[in-house]
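For reference, the chains in residue letters:
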Amino acid sequence: MTVHIPPAGAALIVMSVLVTYFVYKWSRQPHMGPAGPGDLVGAITAGAAVFAVLYALLGTSVSAESTGEAGPAERAPAVSNTTAPTPAHSAN
C-alpha cells in the first residue's frame, strides 16, 4: 500500500529534521580538543517544536477527494414503515 504524503507535509518533515540536525551539531561544546557529545534531547525537542509550529501555521493540505470507487451499498430496511397501520374493525 502506498501512502501519499502531501508536499506541504514533506516540507514540514524536512524542515524539522534539518533543525534537529543543526541544533544537535551546534550544541557540541566549541572548545579545544575533541568535540563532546551534542544535546540529543534538546535537538529532538527543537525539531518537534518546529514541526508543531509549522503544522499549526500552515495546516495540512489533506482533502477528501472522490476516487471514483463505489462505497458500501446501504441495505434497505427489512420492514417498510411508510404506511400507517389500519385500525381493526370492531364487530358490534
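For the structure itself, consult the block above.
Rules used in this analysis
Within every chain, residues take consecutive numbers counted from 1 along the sequence as written. For this predicted model, a pLDDT threshold of at least 70 governs which residues receive local features, and a threshold of 80 or more governs which side-chain atom pairs are given and counted, while totals over whole chains, interfaces and linings are taken from all residues. With hydrogens and water stripped out, all remaining heavy atoms of the structure feed into the side-chain values. Patch definition: residues with relative accessible area over 30% and no salt bridge; like charges joined within 9 Å; nonpolar side chains (Val, Leu, Ile, Met, Phe, Trp, Tyr) joined within 5 Å. Using a 1.4 Å probe, the Shrake-Rupley method yields the accessible areas, and only the shown protein chains count as cover for residues. A carboxyl oxygen of Asp or Glu within 4 Å of a side-chain nitrogen of Lys or Arg is what we treat as a salt bridge. Working definition: helices are DSSP H or I runs of at least four residues, strands are E runs of at least two. Numbering for both runs from the N terminus. Any Phe, Tyr or Trp ring, taking Trp's six-membered ring, that has another such ring centre within 6.5 Å forms a pair; planes under 30 degrees apart are called stacked, those over 60 apart edge-to-face, and the others tilted. Only protein chains enter the area calculation, which uses a 1.4 Å probe; residues under 20% of their type maximum are buried, those over 50% are exposed, and those in between are partly exposed.

1. Describing a nonpolar patch on the surface
And then number 1: On the surface, Met 1, Val 3, Ile 5, Ile 13, Val 17, Phe 51 and Tyr 55 cluster together into a nonpolar patch covering about 780 Å² of accessible area.
And then number 2: Those elements that place two or more of their residues in the nonpolar patch are α1 (7-26) and α2 (40-58).
And then number 3: Tracing the backbone shows Met 1 in the segment before α1.

2. Focus on the packing of aromatic side chains
The geometry of an aromatic ring pair is captured by the separation of the ring centres together with the interplanar angle, meaning the angle of the planes.
And then number 1: Summed over the entire model, instances satisfying the criterion amount to two aromatic pairs.
And then number 2: Considering the side-chain rings of Tyr 21 and Phe 22, the 5.2 Å spacing of their centres and the 65° angle between planes classify their relative orientation as edge-to-face.
And then number 3: Overall, the relative accessible area of 44% leaves Tyr 21 in the partly exposed class.
And then number 4: Looking at Phe 22, the relative accessible area reads 51%, which means it is exposed.
And then number 5: Look at Phe 51 and Tyr 55: their rings are 6.2 Å apart centre to centre, the planes differ by 20°, and that puts the pair in the stacked class. Placement of the pair is Phe 51 and Tyr 55 together in helix α2, with a separation of four residues, close to one helical turn.

No statement about biological role is implied by the geometric values presented.
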